[in-house]
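Residue-level structure breakdown
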Amino acid sequence: MIEVKEYLKKNRLLCDGALGTYYASLGNDGLSEKANIINPLQVEQIHLKYIESGANLIRTNTFSANTQSLQYAWEETTEYIRAGFRIAKEAVKVSGKEIYIAADIGPMETTDHVQNSQKSKEYLKIAEVFLEEGADIILFETFSDTEGLREVFKEIKEKNPSVFIMAQFALNQHGYTEHGLGIHRILEWASNTESLD
């Protein structure tokens, strides 16, 4: 399968939709990431639905697979991360198609108990788990600021220079994130970050 960086030079990627929203629409309560352990088949079926709909990139069911959201110790959180990646791999295998898998990392909130430096350390630890599982695409999804991300990306690249890192930001209708980061600043940041590749 052609590397995603090469693929994007001549093609477009069609990404899947929101897995957590789909999971909730099926009548489930709570975080979809917990289903990685308690109901992996349902997660796999959601991946397959998106693949059947034409997605050629699926994201692992790990958006909220962090210690802050799951409220589990790191060791237990790791199990949900690994399970999420393995489920996505199985879905691709079952589909029989060439589908890219993005190891999905969602944002953690800065609180009195969780500071930016702690978030950066956990993002890196999550990425390391994905790399151990064989991930070659890592997606930082729906972020509102760039705080510490460039440093995290640099450390990930030092561990695996060939990994493809993507970042997505959530903007309102005026082109700003909820933290007040404008689209022009994001594009400037992205331009400066490309040099890591």
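Okay, so let's go over this structure. (Residues numbered from 1 in each chain as written. Predicted model: local features only at pLDDT ≥ 70, side-chain atom pairs only at ≥ 80, totals over all residues. Heavy atoms only, no water.)

All told, the structure shown has seven salt bridges when counted by the stated rule. Note that R59 is salt-bridged to D16, the shortest N-O span being 2.6 Å. Of this pair, R59 sits in strand β1 (residues 57–59) while D16 sits in the loop between α1 (4–10) and α2 (19–25), and the two are 43 residues apart along the sequence. On the basis of relative accessibility, which here comes to 9%, the residue R59 falls in the buried class. (Salt bridge = Lys/Arg side-chain N within 4 Å of Asp/Glu carboxyl O. Helix = DSSP H or I, 4+ residues; strand = E, 2+ residues; numbered from the N terminus. Buried < 20%, exposed > 50% of the residue type's maximum accessible area, 1.4 Å probe, protein only.)

All of the buried residues along helix α9 (residues 183–193) are I186, W189 and T193. Buried residues of α9, seen end-on, are gathered within an arc of 65 degrees and therefore sit on one face of the element. Turned more than 90 degrees away from the buried face of α9, the exposed residues are H184, L187 and E188. In this structure, the buried side of α9 is in contact with α8 (149–159) and β4 (164–169). (Arc of directions from axis to C-beta. Contact = heavy atoms within 4.5 Å.)

With that settled, consider the environment of T193. For T193, the location among the structural elements is in helix α9. Since its relative accessible area comes to 10%, T193 is described here as buried. In the structure, T193 is positioned 39 residues away from K154 in sequence and 9.0 Å away in space, judged by C-alpha atoms.

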